[in-house]
Amino acid sequence: MEKEVHEQYEYARRRLRQKKILYFHFVLFLLGSLFLFIANRFFGFGEGTTQNWCIWGITIWLFLFILHFIKVYITDRFMNKKWEREQIDRLVALQQKRIGQLESSINEENENKI
């Protein structure tokens, strides 16, 4: 039972660390976007370009943040160690069933030859 409690603790600790890094990424995104916008509008970085480069940078960064959010709150939430163990157990059971079927068919063939 102590092993199970330890696994639950480690899982909670990992999830908390993931969320903490995600929140840090969000704050960094907000501050970085603000910096890019101010640099473009008030300090004149990129004046020679016809495209609004800071919007592209912020959009790409937002896309990366959304991917990070999906990883933390969707993918890792459902596809954790427990899910991996269940999938492995299911695949092993399917393999054992298939091996049993093959063995029984081989035994039947051997009995029919005799």
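Bear in mind that the values here come from a model prediction, so they are computed numbers and not experimental data. (Residues numbered from 1 in each chain as written. Predicted model: local features only at pLDDT ≥ 70, side-chain atom pairs only at ≥ 80, totals over all residues. Heavy atoms only, no water.)

Asks: What should I look at first to understand the side chain of His 25 in this one?
Replies: For His 25, the position within the fold is in helix 1 (residues 2-41). His 25 gets classed as buried once you look at its relative accessible area, which sits at 15%. Sequence-distant contacts of His 25, defined by excluding residues within four places in its chain, comprise Trp 61, Leu 64, Phe 65 and His 68. (Helix = DSSP H or I, 4+ residues; strand = E, 2+ residues; numbered from the N terminus. Buried < 20%, exposed > 50% of the residue type's maximum accessible area, 1.4 Å probe, protein only. Contact = heavy atoms within 4.5 Å.)

Asks: What is the right way to look at the UniProt feature "transmembrane region" (unreviewed entry) in the chain in this model?
Replies: UniProt records the feature "transmembrane region" (unreviewed entry) for residues 21-43 and 55-74 in the present numbering. The span residues 21-43 shows a helical share of 91% and a strand share of 0%, and its end C-alpha atoms are spaced 31 Å apart. Between the C-alpha atoms that bound residues 55-74 there is a distance of 27 Å. The span itself is 100% helix and 0% strand. (UniProt positions renumbered as here; feature names shortened; annotations may be inferred.)

Asks: What is the right way to look at the layout of surface pockets in this model?
Replies: Gaps between atoms show up when a probe of the same size as a water molecule is rolled over them. Estimated volume of the largest pocket: approximately 230 Å³. Surrounding the largest pocket, His 6, Glu 7, Gln 8, Glu 10, Tyr 11, Arg 14, Asn 80, Lys 81, Lys 82 and Arg 85 form its lining. Elements that contribute at least two residues to the lining of the largest pocket include exactly helix 1 and helix 3 (81-113). Looking at the lining of the largest pocket, the element that brings in the most residues is helix 1, giving six residues. Across the lining of the largest pocket, the residue classes break down as one nonpolar, three polar and six charged. (1 Å grid on protein atoms, 1.4 Å probe; cavity = no way out; pocket = protein on both sides within 12 Å on 5 of 7 lines; lining within 4 Å. Points joined across faces, edges and corners; volume = space filled by probe spheres on them. Nonpolar A, V, L, I, M, F, W, Y, C, P; charged D, E, K, R; others polar.)

Asks: Hey, could you run me through helix 2 (residues 53-78) in this one?
Replies: The α-helix advances 3.6 residues per turn, and as a result positions three or four apart in sequence lie on the same side. Here helix 2 is 26 residues long and its end C-alpha atoms lie 37 Å apart, about the 38 Å a rise of 1.5 Å per residue gives. Along helix 2, the largest kink reaches about 40° and is centred on Lys 71. The secondary structure elements touched by the buried residues of helix 2 are helix 1. (Expected span 1.5 Å × (residues − 1). Bend = angle between axes of the 7 residues up to and from the residue.)

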